[in-house]
Amino acid sequence: MKTTATTTQPDTPAESKPLVELRNLSIEFHSRNKIAKAVNSISLEVYQGETLAILGESGSGKSATALAIMGLLPKPGGVISGGEICFEGKNLVKWTEAERRNLYGDSLSIIFQDPLSALNPVLTVGYQIGEALRKRKNLSKKETKKRVIELMNLVRIPDAETRYKQYPYQFSGGMQQRVMIALALALNPKLLIADEPTTALDVTVQAQIMRLLKDLQTNNHMGLILISHDLGVVAENADRVAVMYAGHIVETGDVQTVFQNPAHPYTIGLMNSIPSDAQTGGRLKSIEGLPPNLAEPPSGCAFHPRCSMATNLCRERQPALEEIAPGHKSACHFAKDVLNHGIS
Amino acid sequence: MESPSPLLEVRELVTAFPIKSGLFRRTTSEVQAVSKVSFKIYPGEAMGLVGESGCGKSTVARTILGLEKAKSGSIFFEGKDLTKLSNKEMRALRKDIQLVFQDPDASLNPRMRVRELITETWLVNPGIVEKEDWDKEVAKLMRLVGLNPNSAHHYPHQFSGGQRQRICIARALALRPKLIICDEAVSALDVSVQAQILNLLQDLQQNLGLAYLFISHDLSVVRHLCNRISVMYLGKMIETGDREDIFETPAHPYTKALLSAIPNPKPWLNPNKDEIILEGDIPSPARPPSGCRFRTRCWKAHEICKIEEPILTPRNPNGHCSACHFPMLQESSALHTVPGP
């Protein structure tokens, strides 16, 4: 993939170095007779203490990106086909699994959408939260238990002393997700990736969990990558957002700028697709058509088959992600027009 | 809403599941998944049933369809009580009430082509479409839901998730029903596809005069499609009313909390939104709290909420009712204090 010439100069003050930086990262999934290009040469960076949201629909490559950062791409099949993942300046792509393992827990950590499938059903919750502490910190049994109960209190699991000895099935969905958060935070990671952390939860519980994550992030000064398909969750919780479509970052910038002045037709289409009070009962301006098949991506701009503004240029040449205002980038040939006049 | 007779009327419906325990699996107690729920749907109307998991909203749908047995109460469809019909009578009536589920993969037989999936309904219910018209009718239905009629010989796996949901809708429409129950019908879809399906449902309602019972946990979707909304919590209906009443002046604290919990894609437009974050989880329906079922999570709960169960009480002449001892009425809603996190 040499079609994009994405520039990667940091647009945030130079005094702070990014915690994690992706440079032209490409990910492919190989199956018997085809190759799906899940992620195409994306670049982004996350700084300490900030929340970057990766927003996209299923198949946009947002989870593949998260898994690649963690070194968890499914094997065999998932391959990083190009680019770099730099964590505090070190390129992780070249690291072996054993070398990477030392980063897990205190540098990188992840929480997934479905806590029940991430937890071991036959081990107590307390044991699982304490696992990282025992392995990495060589704490005694007593000290581990004390720390685990502290962690459980931190994530606001009531009655931690009793809950310590219980099994995952005895917890509600929201409480299981709290256990996952406690587990991920056991070693105070510098970067936490939250892959759709609240998608499986009810709205009132979602509000609790997002509040908790936000508080913990502020207190620990963590970098947070929030992966979500929910525009509301992103708007309320992230500082910056990268919108992904078919493996490309199509727009990025700070959340308020991107959501209020979107400069890519796909972002506008997404905003129009969610029912809001302004147009109750009216027709939604949905995006026509379907996301492309990643094994046979369309020529030029991946969004052109669904875009109302597409021209021959869009069919032929892939637009680069270019800055249209300080810190606000869009990958559209007509970004300026879209920004100023919306979509036709 | 002055329509003479409702299409569907549910009165004091109770659906219970037994809890079995002990050596001989004897029934020791029961869970009332739906506890004395009443509502009406008029022809051509869309009613939304909202609530979180375990509130009984899907059980209501299943009971209407006869997939669960009602313990007490009645369900009138065009004046006939469905709970008293024989299986044979019920089967004849069932074609008027169709269902669209959340997961099209689970409801479409992977070994049947689209044409077979749709025509099967006519095979089971003869007399609706003559066999020689099947092909024509299949093509018509597929066009109606926005599918290419040329793909009638394709299998479900050859379609995307949104298209598969369209197949489910086409199949539901095949028997020309009067009421379609959508049980989280758009919840599994991506937003851009969800918007397409919502538009489709809306068009169908207008063009075919369908009534919907639209079950969802997503309030913004319900608000978009439904003119009347009922909110359930732990098997009870706690608030019901017109869309505007529910969204502008919710009278029940739970409704208010639910509305506040919807993530807002433009939070900076109203920075003063009073955020309500409920404490704790939904209690187990097997052991619901005494009195008001919401009291364990309610910031307004008093002694009376523990003792006495509130009943649905009208709050305005348009049929806006709520079941709360301390309803938030229009004049007092501005005064209510926001609880701490």
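Residues numbered from 1 in each chain as written. Chains lettered and ligands numbered in written order. Predicted model: local features only at pLDDT ≥ 70, side-chain atom pairs only at ≥ 80, totals over all residues. Heavy atoms only, no water.

> Would you mind going over the overall build of chain B in detail, with residue names and values included?
For chain B, the count of helices and strands is twelve helices and twelve strands. Against the compact-globule benchmark of 20 Å for 341 residues, chain B has a radius of gyration of 21 Å, which places it among compact chains. Principal-axis analysis of the C-alpha atoms places the extent of chain B at approximately 70 × 55 × 45 Å. By the burial criterion, 54% of the 341 residues in chain B qualify as buried. Across chain B, the fraction of contacts at a sequence separation of at least 24, relative to all contacts at a separation of at least 6, is 63%. Side chains of chain B give 42 positive and 38 negative charges; the mean places of these two sets differ by 6 Å. (Helix = DSSP H or I, 4+ residues; strand = E, 2+ residues; numbered from the N terminus. Rg over C-alpha atoms; globule rule 2.2 N^0.38 Å. Buried < 20%, exposed > 50% of the residue type's maximum accessible area, 1.4 Å probe, protein only. Contact = heavy atoms within 4.5 Å. Lys, Arg positive; Asp, Glu negative; His and termini not counted. Charge placed at Lys NZ, Arg CZ, Asp CG, Glu CD.)

> Hey, could you go over the overall build of chain A for me, with residue numbers and the actual values?
Regarding its fold elements, chain A presents 13 helices and twelve strands. Seen along its three principal axes, the alpha-carbon backbone of chain A occupies a region of about 70 × 50 × 45 Å. Counting only residues that meet the buried cut, chain A has 53% of its 344 residues in that class. For chain A, the proportion of contacts with a sequence separation of at least 24, taken over those separated by at least 6, is 65%. Surface exposure of chain A reaches about 15200 Å², of which carbon and sulfur atoms provide 51%. Taking the average place of the 36 positive charges on the side chains of chain A and the average place of its 34 negative ones, the gap between the two points comes to 7 Å. (Areas by Shrake-Rupley, 256 points an atom, 1.4 Å probe, with all protein chains shown as cover.)

> How would you summarise the pairing of strand β3 (residues 46–50) of chain B if you had to cite specific residues and measurements?
All names here are of chain B. Where burial is concerned, most of β3 is hidden: five out of the five residues are buried. Of the two faces of β3, the one holding A46, G48 and V50 and the one holding M47 and L49 are both buried throughout. Pairing of β3 with strand β8 (residues 211–216), which is carried by five bridges, proceeds in the parallel orientation. Residue pairing across strands places A46 opposite Y212, the latter belonging to β8. Sheet topology places β3 next to strand β9 (residues 228–233); four bridges connect them, and they run parallel. Across the sheet, the residue bridging to L49 is S230, located in β9. (Pairing = 2+ DSSP bridges.)

> Please set out the confidence of the model for chain B residue by residue, giving values where relevant.
Residue and element names in this part refer to chain B. Summarising the model, chain B shows a mean pLDDT of 88, and 95% of its residues fall at 70 or more. For chain B, the element scoring lowest by mean pLDDT is helix α12 (residues 330–333), at 45; β9 scores highest, at 95. Note that residues 331–341 has pLDDT below 50 and, in this model, 13 contacts with residues that lie over four places away or in other chains. (pLDDT = per-residue confidence, 0-100.)

> Outline the packing of helix α4 (residues 125–137) of chain A against helix α7 (residues 173–185) of chain A, listing residues and values.
All names here are of chain A. Across the interface, α4 lies against α7 with an axial gap of 8 Å and an inter-helix angle of 25 degrees. Between α4 and α7, the crossing angle belongs to the class labelled roughly parallel. The interaxial crossing formed by α4 with α7 has right-handed handedness. Together, V125, Q128 and I129 of α4 and V179, A182 and L183 of α7 make up the contact between the two elements. For the contact of α4 with α7, the per-class residue count stands at five nonpolar, one polar and no charged. (Axes fitted to C-alpha atoms, helices over the stretch in contact; angles between N-to-C directions. Parallel < 35°, antiparallel > 145°, perpendicular 65-115°, else oblique. Left-handed = near helix turned anticlockwise from the far one by under 90°. Nonpolar A, V, L, I, M, F, W, Y, C, P; charged D, E, K, R; others polar.)

> Let's hear about the layout of surface pockets: which residues, and what values?
All names here are of chain A. Of the voids in this model, the second largest pocket is the one considered here, and its volume is about 710 Å³. Together, 24 residues line the second largest pocket, and Y104, G105, S109, A132 and L183 are the ones closest to its centre. Contributions of two or more residues to the lining of the second largest pocket are made by β6 (108–111), α4 and α7. Of the residues forming the lining of the second largest pocket, the biggest block, six residues, is contributed by α4. (1 Å grid on protein atoms, 1.4 Å probe; cavity = no way out; pocket = protein on both sides within 12 Å on 5 of 7 lines; lining within 4 Å. Points joined across faces, edges and corners; volume = space filled by probe spheres on them.)

> Describe the side chain of R295 of chain B, with residues and values.
Residues and elements named next belong to chain B. By the element assignment, R295 lies in the loop between α10 (253–261) and α11 (303–307). E303 is the oppositely charged side chain nearest to the buried, salt-bridge-free R295, at an N-O distance of 8.2 Å. Excluding its chain neighbours within four sequence positions, the residues that come into contact with R295 are P289, S290, A301, C305 and K306. (Salt bridge = Lys/Arg side-chain N within 4 Å of Asp/Glu carboxyl O.)

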